[in-house]
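Breakdown of the fold
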Amino acid sequence: MLYTFNTFIIFLGILLILCGIILITRKKFIVNKEYINIFMLIFPMLQIRKMDIEFNFIFFIIYFVVLPALWIVIMIGRGIYVITNTNDQMVVDTLMDMLDENGILYAEKKDKIFLKEYDKDISYSESLNTVHINLKSIRDLSFYKEFKIELMSRIKDIDLTVFPSSGVFLIISGFIFIFVIEYM
């Protein structure tokens with residue numbers, strides 16, 4: 001079966017719609033940014049094997065372009081988590097509660113929480129009711145794994161919900177992809 005670029009875009013549109021429908025459930029999902037980056041790199045690369053080019057050139061692309069790019073996106077995404085259907089206030093309140101319970105001194109500044117004792121910070125940003133939390137700088141601390149696991153479980157247990165704007169955005173984007181391919 002021959003796959004065309006149009007088929008690829010329609011499949012991408014359907015995938016976006018399905019992801020949007022899942023996000024509209026208002027359930028909180030926590031995804032490691034590494035996985036998102038890998039998917040964003042590998043998914044378009046699936047088109048390379050469908051192209052009519054020599055095997056040696058595909059081999060060259062995989063070993064000298066794809067693998068180094070894969071290593072880079074893994075390093076960039078390590079320690080960053082994407083939390084859907086939340087806002088930054090929910091995440092910050094949970095973070096501060098945990099830091100208070102563990103007796104860790106901190107200072108909150110715009111989009112960052114500085115851990116005074118360790119001279120490290122936890123940064124966060126929000127877009128479309130999705131929070132990106134960056135725990136990279138505390139990865140070398142002894143309590144990192146337990147802290148991360150506890151943070152993720154507490155965030156999932158938050159009863160407050162927000163409008164799933166990221167889900168709506170994905171659904172609209174999926175329909176736009178399909179519409180553009182079908183009618184343009």
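Above this text is the structure in question.
Calculation rules
Residues numbered from 1 in each chain as written. Predicted model: local features only at pLDDT ≥ 70, side-chain atom pairs only at ≥ 80, totals over all residues. Heavy atoms only, no water. 1 Å grid on protein atoms, 1.4 Å probe; cavity = no way out; pocket = protein on both sides within 12 Å on 5 of 7 lines; lining within 4 Å. Points joined across faces, edges and corners; volume = space filled by probe spheres on them. Helix = DSSP H or I, 4+ residues; strand = E, 2+ residues; numbered from the N terminus. Nonpolar A, V, L, I, M, F, W, Y, C, P; charged D, E, K, R; others polar. Patch = residues over 30% accessible without salt bridge, like charges linked within 9 Å, V, L, I, M, F, W, Y side chains within 5 Å. Areas by Shrake-Rupley, 256 points an atom, 1.4 Å probe, with all protein chains shown as cover. Salt bridge = Lys/Arg side-chain N within 4 Å of Asp/Glu carboxyl O. Phe/Tyr/Trp six-rings, centres within 6.5 Å; stacked < 30°, edge-to-face > 60°. Buried < 20%, exposed > 50% of the residue type's maximum accessible area, 1.4 Å probe, protein only. Contact = heavy atoms within 4.5 Å. Expected span 1.5 Å × (residues − 1).

1. With respect to the layout of surface pockets
Volume-wise, the largest pocket comes out at about 960 Å³. Lining of the largest pocket is provided by 26 residues; of these, Leu16, Cys19, Ile36, Met40 and Leu170 occupy positions nearest its centre. Elements with a minimum of two residues in the lining of the largest pocket: α1 (5-24), α2 (33-45), β2 (80-84), β6 (130-134) and α6 (165-183). Grouping the amino acids of the lining of the largest pocket by side-chain chemistry returns 19 nonpolar, six polar and one charged.

2. A look at a nonpolar patch on the surface
Taken together, Phe57, Phe59, Phe60, Ile62, Tyr63, Phe64, Val65 and Leu67 make up a surface patch of nonpolar side chains, about 780 Å² in accessible area. Its location among the elements puts Tyr63 in helix α3 (residues 55-77).

3. With respect to the packing of aromatic side chains
Evaluation of the coordinates by the stated rule reveals two aromatic pairs. Summarising the aromatic geometry, the rings of Phe143 and Phe147 are spaced 5.9 Å apart at their centres and angled 75 degrees between planes, so their arrangement reads as edge-to-face. Owing to a relative accessible area of 16%, Phe143 belongs among the buried residues under this scheme. One aromatic cluster in this structure is built from Tyr118, Phe143 and Phe147.

4. Details of the environment of Ile9
Within the secondary structure, Ile9 is located in helix α1. It is 23 Å that separates the C-alpha atoms of Ile9 and Glu34, two residues lying 25 residues apart in sequence. Discounting residues that sit within four places of it in the chain, Ile9 has contacts with Phe177 and Ile181.

5. Remarks on α1
Given a rise of 1.5 Å per residue, 20 residues ought to cover 28 Å, and the 29 Å separating the end C-alpha atoms of α1 matches this to within 8%. Residues of α1 that are buried: Phe8, Ile9, Leu12, Gly13, Leu16, Ile17, Gly20 and Leu23. Backbone geometry just downstream of α1 places Arg26 in the positive-phi region, at approximately 70 degrees.

6. Thoughts on the side chain of Ser165
With respect to the element layout, Ser165 can be found in helix α6. If near-sequence neighbours (up to four positions away) are discounted, Ser165 is found in contact with Leu128 and Asn129.

7. Some remarks on unusual backbone geometry
A positive phi is found at Asn85, a non-glycine position, where the angle reads about 55 degrees. Along the polypeptide, Asn85 turns up in the loop between β2 and α4 (88-101). Assessed through its relative accessible area of 1%, Asn85 is described here as buried. Even without being glycine, Asn129 reaches a positive phi, approximately 55 degrees. Tracing the chain through its elements places Asn129 in the loop between β5 (120-127) and β6. Residue classification places Asn129 among the buried positions, given a relative accessible area of 17%.

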